[in-house]
Amino acid sequence: MKKSYALLWCSVMILGLIAAGCKKKVKPVSERIAKAWTAESVKHGATLVYTRGGSNNIESNYSGFRLTLTNASGAKTVTLTEVDGKTFTGTWDLEGDTKLILKDLTPPPTGSGGTIEYTISSLDDAKVVLTRLKASPKTGGTINEYTLSNP
């Protein structure tokens with residue numbers, strides 16, 4: 001009888017260890033965010049101004065908005081195409097897992113000093129939600145929220 005319990009106990013332990021070892025590891029934010037993102041929806045303050053495929057968009061030019069983050073051999077580069085069609089290049093970094101910083105942007109976007117910072121509200125493999133930390137002069141001084149998707 002004791003042998004049966006010992007065998008059962010060992011079997012349960014082995015299955016538990018196998019199951020625990022098979023969990024999919026989550027890649028770090030720096031790897032998951034490094035891709036090309038396009039606008040799915042955009043809010044200027046509390047006002048929804050763009051939804052991909054929407055017919056009543058206040059700002060239809062967000063269809064050209066693109067944020068491309070690359071991380072090749074530790075070189076983190078960014079290309080940002082804004083709502084007005086202007087393109088900026090520079091570098092990017094993370095502060096913890098919740099703050100994305102675009103820096104050394106050239107030419108410097110209006111009123112930015114070459115740096116734009118976002119809070120990362122959520123991130124998965126196909127979608128990221130970013131909220132700009134400082135008001136955007138291009139959108140009338142609003143704090144903007146971007147829901148971006150890939151592809």
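This section reports on the structure supplied with the text.

Cut-off values and rules
- Residues numbered from 1 in each chain as written.
- Predicted model: local features only at pLDDT ≥ 70, side-chain atom pairs only at ≥ 80, totals over all residues.
- Heavy atoms only, no water.
- Helix = DSSP H or I, 4+ residues; strand = E, 2+ residues; numbered from the N terminus.
- Buried < 20%, exposed > 50% of the residue type's maximum accessible area, 1.4 Å probe, protein only.
- Salt bridge = Lys/Arg side-chain N within 4 Å of Asp/Glu carboxyl O.

Structurally, the position occupied by Asn144 is in strand S9 (residues 144–149). Overall, the relative accessible area of 0% leaves Asn144 in the buried class.

Bringing the pattern of salt bridges into the picture now. Considering all chains together, one arrives at seven salt bridges under this definition. When the shortest N-O distance is used, the salt bridge between Arg132 and Glu82 registers 4.0 Å. Pair noted here: Arg132 is in strand S8 (residues 127–132) and Glu82 is in the loop between strand S4 (75–81) and strand S5 (87–95), with a separation of 50 residues, a long-range link. Its salt-bridge partner being Lys103, residue Asp93 comes within 3.9 Å of it at the nearest N-O pair. Of this pair, Asp93 sits in strand S5 while Lys103 sits in strand S6 (residues 99–106), placing them 10 residues apart in sequence. Using a relative accessible area of 28% as the deciding quantity, one classes Asp93 as partly exposed. Here Lys103 falls in the partly exposed class, since its relative accessible area comes to 30%.

It is worth stressing that arrangement in space is one thing and function is another; only the former is reported here.
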